[in-house]
Amino acid sequence: MSDDNGTPDPAAGPRPEPIRFFGTSWVEHGNGYPARRIGVAVGSLAAAVASCLVLRFAYDGLRLADTSSFLTLLVVVMFAVCSALAFRHTWDGFTKRPDPERQASLRGLLAIGFVGSLLAYFFRALIEAPGEKLHREEYETAREQYEKRTARRSGNPRKQQKKKRGRS
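Here the structure is a predicted model, which means the values were calculated and not measured.

Chemist: How do you make sense of helix α5 (residues 114-127) when you look at a structure like this?
Modeler: Spacing of three or four residues puts side chains on the same side of an α-helix, whose turn is 3.6 residues. Its 14 residues give α5 an end-to-end C-alpha distance of 21 Å, which sits within 8% of 20 Å, the value for a rise of 1.5 Å per residue. Along α5, the positions that sit buried rather than exposed are Val115, Gly116, Ser117, Ala120, Phe122, Arg124 and Ala125.

Encoded structure:
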């Protein structure tokens, strides 16, 4: 949409995609954006610490059950590897859209490596809202495309049609 002067209406056009815990406050960094980033960082770190405590209880349970050292080592390595892979996958998801099929196939691995995902959220929240860079690039591209489209169609289309008819 445009006003009578032919300039684009800032309220029209593409809308920013909301980010979990931030809504659209990431666009202008307003509406409590810094507090939300601090909250996400603290919350994800607290959840990661609590998760590590739960995993510690599971490890103690394996020791108390007197399982073989190979099984204990296998469980520890499994959680470490899955956490590292989940961290990398989550971190990459902040800068590019993940493939839905790959996401579905990695669901189990990401569930086991949840500590890695929580740590990725923590570290990314120290830099920006998790996913802000990706959303900002997409939003700015959409705004540019919208402005190019509306700049070509300035004015009232009916008046332009009458001008064209009058010329022929």
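Chemist: How do you make sense of a negative patch on the surface when you look at a structure like this?
Modeler: Negative charge collects at one region of the surface, where Glu137, Glu140, Glu144 and Glu147 lie side by side. Checked against the element boundaries, Glu140 lands in helix α6 (residues 132-152). Judged by its relative accessible area of 41%, Glu140 falls in the partly exposed class.

Chemist: Hey, could you run me through a nonpolar patch on the surface in this one?
Modeler: A cluster of nonpolar side chains, namely Leu45, Val49, Leu53 and Phe57, defines an oily patch on the protein surface of about 390 Å² accessible area. Mapping Val49 onto the fold places it in helix α1 (residues 33-64).

Chemist: I keep staring at the packing of aromatic side chains and nothing clicks. Help me out?
Modeler: Counted according to the given criterion, the structure contains seven aromatic pairs. Aromatic pair Phe87 and Trp91: ring centres 5.8 Å apart, planes at 10°, arrangement stacked. Placement of the pair is Phe87 and Trp91 together in helix α2 (residues 69-93), with a separation of four residues, close to one helical turn. Classification of Phe87 as partly exposed rests on a relative accessible area of 27%. Taken together, the ring pairs in this structure connect Phe87, Trp91, Phe94, Tyr121, Phe122 and Phe123 into an aromatic cluster.

Chemist: Can you walk me through the packing of α2 against α5 in this structure?
Modeler: The description of two packed helices rests on the angle between their axes and on the distance between the axes. As a packed pair, α2 and α5 sit with axes 6 Å apart at the nearest point and diverge in direction by 40°. In the packing of α2 onto α5, the handedness of the crossing is right-handed. Two secondary-structure elements touch here, α2 through Phe79, Ser83, Ala86, Phe87, Thr90 and Trp91 and α5 through Phe114, Val115, Gly116, Ser117, Leu119, Ala120, Tyr121, Phe123, Arg124 and Ile127. The residue makeup of the contact of α2 with α5, split by class, is eleven nonpolar, four polar and one charged.

Chemist: Mind showing me how you'd approach the confidence of the model for the protein here?
Modeler: Detailed reading of the predicted coordinates is not advisable wherever pLDDT is low. Confidence in the prediction for the protein averages 85 pLDDT; 83% of positions are at 70 or higher. Across the protein, the secondary-structure element scoring lowest on mean pLDDT is helix α7 (residues 157-167), at 60, and the one scoring highest is α5, at 94.

Chemist: Just checking my understanding: could you explain the nonpolar core for this structure?
Modeler: General note: in soluble globular proteins, nonpolar side chains tend to be found buried as a group. In terms of nonpolar packing, the biggest core is built from eleven residues, these being Ile19, Phe22, Trp26, Val27, Tyr33, Val40, Ala41, Phe122, Ala125, Ala129 and Tyr139. At the level of elements, α1 and α5 are the ones that each hand at least two residues to this core. Broken down by element, this core gets its largest block of residues, three residues, from α1. Apart from residues lying up to four places away in sequence, Tyr139 is in contact with Pro14, Arg15, Pro16, Trp26 and Val27.

Chemist: Hey, could you run me through the pattern of salt bridges in this one?
Modeler: Across all of its chains, the model carries seven salt bridges by this definition. Put simply, Arg124 and Glu128 hold a salt bridge, and the shortest N to O gap is 2.9 Å. Residue Glu128 is classed as buried on the basis of its relative accessible area of 12%. A salt bridge links Glu132 to Arg136; its shortest N-O distance comes to 2.9 Å.

Rules of the game
- Here, residues in each chain are numbered from 1, in the same order as that chain's written sequence.
- Per-residue local features are limited, in this predicted model, to residues with pLDDT of at least 70; the limit for side-chain atom pairs, both in listing and counting, is 80 or more; totals at the level of whole chains, interfaces and linings are taken over all residues.
- Note that water and hydrogens are dropped before the side-chain values are worked out from all heavy atoms of the structure.
- Secondary structure follows DSSP: runs of H or I at least 4 residues long count as helices, runs of E at least 2 residues long count as strands, and numbering of each begins at the N terminus.
- How far a helix is expected to stretch is found by multiplying one less than its residue total by 1.5 Å.
- Each residue gets one of three labels from its accessible area relative to the maximum for its type: buried under 20%, exposed over 50%, partly exposed in between, using a 1.4 Å probe on protein chains only.
- Note on patches: the residues involved have over 30% relative accessible area and no salt bridge, like charges join within 9 Å, and the nonpolar side chains Val, Leu, Ile, Met, Phe, Trp and Tyr join within 5 Å.
- Accessible surface area values rest on a Shrake-Rupley calculation with a 1.4 Å probe, where residue burial reflects the displayed protein chains alone.
- Only one rule defines a salt bridge in this text: a Lys or Arg side-chain nitrogen within 4 Å of an Asp or Glu carboxyl oxygen.
- Positive charges come from Lys and Arg alone, negative charges from Asp and Glu alone, with His and the N- and C-terminal ends not counted.
- Taken as the charge location is NZ of Lys, CZ of Arg, CG of Asp or CD of Glu.
- The aromatic pairing rule takes the rings of Phe, Tyr and Trp, using the six-membered ring of Trp, and pairs them if the centres are within 6.5 Å, calling planes under 30 degrees apart stacked, those over 60 edge-to-face and the rest tilted.
- The axes used here are C-alpha line fits, helices contributing only the stretch in contact, and every angle between their N-to-C directions lies in the interval 0 to 180 degrees.
- Here is the rule for handedness: rotate from the far helix to the near one, and if that takes an anticlockwise turn smaller than a right angle the crossing is left-handed, while a clockwise turn gives right-handed.
- The criterion used for residue contact is that any of the two residues' heavy atoms lie within 4.5 Å.
- Gly counts as polar in this scheme, as do all residues outside two lists: the nonpolar Ala, Val, Leu, Ile, Met, Phe, Trp, Tyr, Cys and Pro, and the charged Asp, Glu, Lys and Arg.
- Confidence scores here are pLDDT values: one per residue, from the predictor, ranging 0 to 100.
- Nonpolar cores were defined as sets of buried Ala, Val, Leu, Ile, Met, Phe, Trp, Tyr and Cys residues, with membership established by side-chain atoms within 4.5 Å.

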